[in-house]
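Chain and residue survey
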Amino acid sequence: MDEKISAVVRYIGKLPYAKVHPDETYAQLALLGVHGVKHPKDLYKYDPALLSKYAKSFIEKERIKLAGTAFGTGLPGGPVSITGGVLLDIEEYVRRIFIMAQKVGHTFGIIPIPFVKSVPSSIEDYFDSVHEEILKAILIGFGTAGISMGIAQFSKYLAEKKAKEIIHGKISEKAITELSKNVANALGKEITKKSIGRTTGRVIPIVGGAINATFAYFALKKIGNNLVKNMMKEHIEVKPNVIYYWTDEH
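Owing to the predicted nature of the structure, the values given are computational and were not obtained by experimental measurement.

1. Structural notes on the pattern of salt bridges
Taken as a whole and judged by the stated rule, the model has 4 salt bridges. Where Lys103 meets Glu62, a salt bridge forms, and the shortest distance between an N and an O atom there is 3.4 Å. Residue Lys103 is located in helix 4 (residues 82-107), and its partner Glu62 is located in helix 3 (residues 48-74); the two are separated by 41 residues in the primary sequence. Comparing Lys103 with Glu62 shows no difference in burial state: the two are buried. What emerges from the salt-bridge pattern is a single network uniting Glu62, Lys65, Arg96 and Lys103.

This is how it looks when you write it as structure tokens:
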């Protein structure tokens, strides 16, 4: 099981629809009244409480989508066996967590970091550039100790004009691999706690699907709450530095 989870996490970029470009989130925010956002820095002119409200709405949509998928795969007589269904559910679970982490990060101007010169237009280039940040966000969602997005640390480098070197530094493949393992470990612990009842429940008609859907729906609640809480805190903390950085640039 752990190996399967690790494989899904490490190669999540190859899963269908696991990547969300910031422009997609910005377009959804525009429909909610958050206009003129073309870069993460643009989010820092909005009330954090308002951004929190919209981030929670995105989380709720992902929870509903995941619950619907879980209910479908839990129904008896379907094409997915109990063993195969476990892997399928893990993929969908991980995919939704990745999507949720990106959307919340986009909403608060944390992913990509607000100091980047531009956001890659290619979805593949975008995902590669923020892969590390997404994994950190997921660990924060799981409440992993000692993990932060690290954006606040830029404050001490801004004064020394070293931020650009850090921003454009090559992302460590070793760091990505290590973070992926940590995410897989956190996911494994979460799934193991509830997988027995959820898998056994599949032999019960209809009820099996309901148990599956209930687990899937509430599984994202804690992750989402942690994401919003920490992303909002970081947004507020780095806001003065973001304003200073871009004012100095122009």
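2. Structural notes on the side chain of Gln102
Here Gln102 lies in helix 4. Sequence-distant contacts of Gln102, defined by excluding residues within four places in its chain, comprise Ala18, Lys19, Val20, Tyr126, Phe127 and Ile134.

3. Observations regarding helix 2 (residues 22-31)
Residues Pro22, Thr25, Tyr26 and Leu29 constitute the buried set of helix 2. Projected onto a plane normal to the axis of helix 2, the buried residues spread over an arc of 100 degrees and lie on a single side.

4. Overview of the nonpolar core
In this structure, Val104, Ile111, Ile134 and Met231 are the most contacted members of the largest nonpolar core, which totals 57 residues. Of all the secondary structure elements, the ones that give two or more residues to this core are helix 1 (2-10), helix 2, helix 3, helix 4, helix 5 (123-141), helix 8 (173-200) and helix 9 (207-249). A total of 10 residues in this core trace back to one element, the largest contributor, which is helix 9.

5. A word on the confidence of the model for the protein chain
For the protein chain, the mean per-residue pLDDT works out to 76, and 63% of the residues sit at or above 70. Predicted confidence for residues 165-170 stays below pLDDT 50, and this span has 7 contacts to residues more than four positions away or in other chains.

6. Let's talk about the environment of Lys233
Relative to the helices and strands, Lys233 is located in helix 9. Between the C-alpha atoms of Lys233 and Pro48, which are 185 residues apart in sequence, the distance is 9.0 Å.

7. Let's talk about helix 5
Spanning 19 residues, helix 5 covers only 23 Å between terminal C-alpha atoms, well under the ideal 27 Å at 1.5 Å per step. The axis of helix 5 is deflected most strongly, by about 55 degrees, at Val130. Immediately downstream of helix 5, the backbone of Gly143 shows phi near 75 degrees, a positive value.

8. Re the packing of aromatic side chains
By the definition in use, this model includes 2 aromatic pairs. Plain terms: the ring middles of Phe115 and Tyr245 are 5.3 Å apart, the flat faces sit at 80 degrees to each other, and that makes the pair edge-to-face. In this pair, Phe115 sits in the loop between helix 4 and helix 5 while Tyr245 sits in helix 9, placing the two residues 130 residues apart along the sequence. By the burial criterion, Phe115 is buried, and Tyr245 matches it. A centroid spacing of 5.3 Å and a plane angle of 85 degrees characterise the contact between Tyr245 and Trp246, whose relative ring orientation is edge-to-face. Relative accessible area serves as the criterion here: at 9%, Tyr245 is assigned to the buried category. Here a set of aromatic residues connected by ring pairs shows up, and it is made of Phe115, Tyr245 and Trp246. Directly above the ring of Phe127 sits Lys19, whose terminal nitrogen or CZ lies 5.5 Å from the centroid. Looking at Lys41, its charged tip hangs above the ring of Trp246, at a distance of 4.7 Å from the centre.

9. Quick notes on unusual backbone geometry
Cis geometry is adopted by the peptide bond preceding Pro112, which originates at Ile111 and carries an omega value of -10 degrees. With respect to the helices and strands, the residue Pro112 is situated in the loop between helix 4 and helix 5.

About the cut-offs
Here the residue index of a chain counts from 1 through its sequence in written order. The predicted nature of this model means local features are confined to residues of pLDDT at least 70 and side-chain atom pairs, given and counted, to a pLDDT of 80 or more, with totals for whole chains, interfaces and linings taken over all residues. Hydrogens and water are ignored here; the side-chain numbers use all heavy atoms of the structure. The salt bridge definition used is simple: a Lys or Arg side-chain nitrogen within 4 Å of an Asp or Glu carboxyl oxygen. Each helix is a run of H or I in the DSSP string that is no shorter than four residues. Each strand is a run of E no shorter than two, and both are numbered from the N terminus. For each residue, the accessible area found with a 1.4 Å probe, counting protein chains only, is set against the maximum for its type, and the residue is called buried under 20%, exposed over 50%, and partly exposed in between. The criterion used for residue contact is that any of the two residues' heavy atoms lie within 4.5 Å. Here the arc refers to the directions that run from the helix axis out to each C-beta atom. As used in this record, nonpolar core signifies buried Ala, Val, Leu, Ile, Met, Phe, Trp, Tyr and Cys residues forming a set joined through side-chain atoms within 4.5 Å. The predictor's confidence in any single residue is recorded as pLDDT, a number from 0 to 100. By this rule, a helix spans an expected 1.5 Å times one less than how many residues it contains. Across the chain, bend at a residue is computed as the angle between axes fitted to the seven residues ending at that point and the seven starting from it. To pair, rings of Phe, Tyr and Trp, with the six-membered ring standing in for Trp, must have centres within 6.5 Å; the planes then decide the type, stacked if under 30 degrees apart, edge-to-face if over 60, and tilted in the middle. Only lysine NZ and arginine CZ atoms are considered, and such an atom sits over a ring when it is within 6 Å of the ring centre and within 35 degrees of the ring normal.

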